[in-house]
Amino acid sequence: MLYLVVKFLHVIGACVLLGTGAGIAFFMVAAHRTGDVATIAGVARIVVIADFLFTATAVVVQPLTGLGLVHMLGLSLGDGWIALALLLYLVTGAFWLPVVVMQMKMRDLAAAALRTGQALPPLYHRLFAWWFAFGFPAFAAVMAIVALMIARPAIPGWD
C-alpha cells in the first residue's frame, strides 16, 4: 500500500510539473502578446504565486518520492535511466531557478509600470526573451524525465 501511495504522489508530482509549466508558459506568453500592462501585471503576479505554490511543491516532492520508489523497488541511483533522469532534473533546476527570479522581476516591473502609467521598460522585454528561451530546455528536460520514468530503458554506457 505504501508503494502505491508513493508512486501516486510521484506521478501526480510529474503531472504538476508538466501542467504548471505548460500553463504558466501559456498564460505569460498570452498576456505578453496583448501588450496591455494591466493584463501583464495581473498575470505575472498570479504566475509567480502558482510557481511557488505548485511547481516548488512538486520540485520537493519529486526527488523524495523518487528516492522512495528506488529504495522500495530495490533499484540503484546508478541505473542508467535513473541516473539520466537525475541529471535531467538538475538541468531543469538550472533553468527553472533563474526563470523564477525573472518572473518575479517581470512582475515587479509590470506592477511599477501600471502604477506610474508608463510603458513596460526595455528590461522587462529582455527578461521576457530570456524567460522564454530558458523555458524550452527546462520543459524538454521534464518531458524527457517522464519518458524515462515510463520506458525505463537500458542506456548503453550508463548501465
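Before any of the text, the structure's been laid out above.
Here goes a summary of the coordinates provided.

Calculation rules
- Residues numbered from 1 in each chain as written.
- Predicted model: local features only at pLDDT ≥ 70, side-chain atom pairs only at ≥ 80, totals over all residues.
- Heavy atoms only, no water.
- Core = buried A, V, L, I, M, F, W, Y, C linked by side-chain atoms within 4.5 Å.
- Buried < 20%, exposed > 50% of the residue type's maximum accessible area, 1.4 Å probe, protein only.
- Helix = DSSP H or I, 4+ residues; strand = E, 2+ residues; numbered from the N terminus.
- Contact = heavy atoms within 4.5 Å.
- Expected span 1.5 Å × (residues − 1).
- Bend = angle between axes of the 7 residues up to and from the residue.
- Salt bridge = Lys/Arg side-chain N within 4 Å of Asp/Glu carboxyl O.
- Polar contact = N/O pair within 3.5 Å; in protein donor to acceptor, adjacent residues only side chain to side chain.

With that settled, consider the nonpolar core. I24, M28, I40, M106, L120, Y124 and W131 are the most contacted members of the largest nonpolar core, which has 21 residues in total. Of all the secondary structure elements, the ones that give two or more residues to this core are α1 (2-34), α2 (37-73), α3 (80-116) and α4 (122-151). Those residues in contact with Y124, other than ones at most four positions away along the chain, are H32, I40, M106 and L109. The next biggest cluster of nonpolar side chains, apart from the first, holds nine residues, and it includes V70, W81, A85 and I145.

This part is about α2. Taking 1.5 Å as the rise per residue, α2 with 37 residues should run 54 Å; its terminal C-alpha atoms sit 51 Å apart, in good agreement. In α2, a bend of some 35° at D51 exceeds every other bend along the element. Within two residues after α2, G74 carries a phi angle of roughly 70°, on the positive side.

This brings us to the environment of A147. Relative to the assigned elements, A147 resides in helix α4. Sequence-wise, A147 and K7 are 140 residues apart; in three dimensions their C-alpha atoms are separated by 16 Å.

Attention now moves to the pattern of salt bridges. Side chains that differ in sign of charge can pair as their charged atoms come close. Here the structure, examined in full by the defined rule, presents one salt bridge. Notably, a salt bridge pairs D108 with R107, separated by 2.9 Å at the nearest N-O pair.

Moving on, we come to the side chain of T55. Inspection of the secondary structure puts T55 in helix α2. The buried category is assigned to T55, whose relative accessible area is 6%. Side-chain polar atoms of T55 contact the side chain of D51, separated by 2.6 Å. For T55, the contacting residues outside a window of four places in its chain are L17, T20, I24, A50 and W96.

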